[in-house]
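Take a look at the letters that make up each chain.
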Amino acid sequence: MDLGIAGKTALVAASTGGLGLAVARALAAEGARVAITGRRRELAEKIAAQLPGAVAVEVDLSAPDGAASAVERTEELLGPVDILVLNGPGPKPGAAASMDAGDFTAALDLLVRPHHGLISKVLPGMRERRWGRVLAIGSSGVVAPLPNLAVSNTGRAALAAYLKTLAAEVALDSVTVNLLLPGRIATDRVAELDHAAAKRRGVTVTDIERESLKTIPVRRYGNPEEFGATAAFLCSAPASYVTGVALRCDGGLIRSL
Ligand SMILES: NC(=O)c1ccc[n+]([C@@H]2O[C@H](COP(=O)([O-])OP(=O)(O)OC[C@H]3O[C@@H](n4cnc5c(N)ncnc54)[C@H](OP(=O)(O)O)[C@@H]3O)[C@@H](O)[C@H]2O)c1
């Protein structure tokens, strides 16, 4: 299938590693010109040099002007953004019962504010040109809140509600807005979480993985490439009638319909 995005400009937030990098690679393979973004400038440059038409944009999305500067630099190098992929670091774990007012602010600061900043900068242009794709990388916690990830569950649910509202507002301008929800995709972050869990509980990493795999019907973690391919479809021209959805890429982990 031709995804119809050759020559489109894509800004992929937090794409020097993990899921963001997998999405950037999948979009570049379809001919999109991708801005690889992250705090590690040299790594972004190394990745961009390996992908046709890609450029590196150093950015700290947690900085007050991070989102705005990422869009400005991308547009200087590649022109107006047609495809925006929202992604960023996950918050620290913690229980809902111990959340204080600062944690609620942190949830919004980390998981909504930078994404809103990026959207605000690119949306007027997408609407004017009557074509755009906004895709946010979320978490299965949006559908089934994850234990001990209260800040993440809270912030991601807020982002999901915002995006769903936005999807209807911009639909007539041929801009789609969707969420892609990873279950457990084998990235550095998931490996770190498994190591931390093993240390905390005094068991081996293999024990943790085995326990985790029992909950996933396909009995394995997802490959970043599988996640990237799903994201590329949601950012494609043929996906023009898919908007306002939260699609799970989780090997069947979440059991609800
Ligand atoms: N992997 C999964 O199965 C899974 C499941 C559920 C949810 N998620 C969520 O999906 C997101 C991505 O996860 P991942 O597994 O791909 O994580 P990862 O492997 O740790 O990659 C994180 C990426 O974020 C970038 N980053 C971190 N802080 C940044 C900042 N302040 N500004 C700009 N870029 C920043 C990092 O690059 P630099 O270091 O260069 O900045 C890196 O490219 C996270 O929010 C995670 O919680 C992942």
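Residues numbered from 1 in each chain as written. Predicted model: local features only at pLDDT ≥ 70, side-chain atom pairs only at ≥ 80, totals over all residues. Heavy atoms only, no water.

Considerations on the sheet that holds strand 3 (residues 55-58)
Item 1. Ordered in space as 3-2-1-4-5-6-7, the seven strands form an open sheet in which the pairing is parallel. This sheet does not close on itself; its edge strands, each paired only once, are strand 3 and strand 7 (246-249). Strand after strand, the sheet turns through a mean of 20° between neighbouring axes, direction not considered.
Item 2. Note that strand 1 (residues 9-12) and strand 4 (residues 83-86) share three bridges and pair parallel. From the neighbouring strand, Val12 faces strand 4, where its bridge partner is Val85.
Item 3. Strand contacts of helix 9 (residues 224-234): strand 5 (132-137), strand 6 (175-182) and strand 7, with the helix running at about 165° to strand 6, the strand carrying the most contacts. (Pairing = 2+ DSSP bridges. Helix = DSSP H or I, 4+ residues; strand = E, 2+ residues; numbered from the N terminus. Axes fitted to C-alpha atoms, helices over the stretch in contact; angles between N-to-C directions. Contact = heavy atoms within 4.5 Å.)

Some thoughts on the site of the ligand
Item 1. Taken together, 28 residues form the shell around the ligand, and within it Thr16, Arg39, Gly88, Ile185 and Thr187 come nearest.
Item 2. For the ligand, an oxygen atom lies 2.6 Å from a polar atom in the backbone of Gly88.
Item 3. With respect to the ligand, the side chain of Thr187 contributes an N or O atom lying 2.5 Å from an oxygen atom.
Item 4. Look at the ligand: alone it shows 890 Å² of surface, and the protein chains cover 90% of it.
Item 5. Of all the elements in the fold, those that place two or more residues in the shell around the ligand are helix 1 (18-29) and helix 7 (188-201).
Item 6. Take the shell around the ligand: its biggest share by element is three residues, from helix 7. (Near = heavy atom within 4 Å. Polar contact = N/O pair within 3.5 Å; in protein donor to acceptor, adjacent residues only side chain to side chain. Areas by Shrake-Rupley, 256 points an atom, 1.4 Å probe, with all protein chains shown as cover.)

Notes on the domain arrangement of the protein
Item 1. Domain annotation of the protein identifies domain 1 (9-183 + 225-246) and domain 2 (185-221).
Item 2. Measuring from the centre of the C-alpha atoms in domain 1 to the corresponding centre in domain 2 gives 25 Å.
Item 3. Facing the eight residues of domain 1 at the interface are four residues of domain 2.
Item 4. Here domain 1 and domain 2 share an interface that buries about 460 Å² over both sides, 55% of which is from carbon and sulfur atoms.
Item 5. There are one residue pair in polar contact (both at pLDDT 80 or more) connecting domain 1 and domain 2.
Item 6. Per-class residue counts for the side of domain 1 that touches domain 2 are four nonpolar, three polar and one charged. (Domains from an automatic or database assignment. Buried area = accessible area lost by both parts, 1.4 Å probe. Nonpolar A, V, L, I, M, F, W, Y, C, P; charged D, E, K, R; others polar.)

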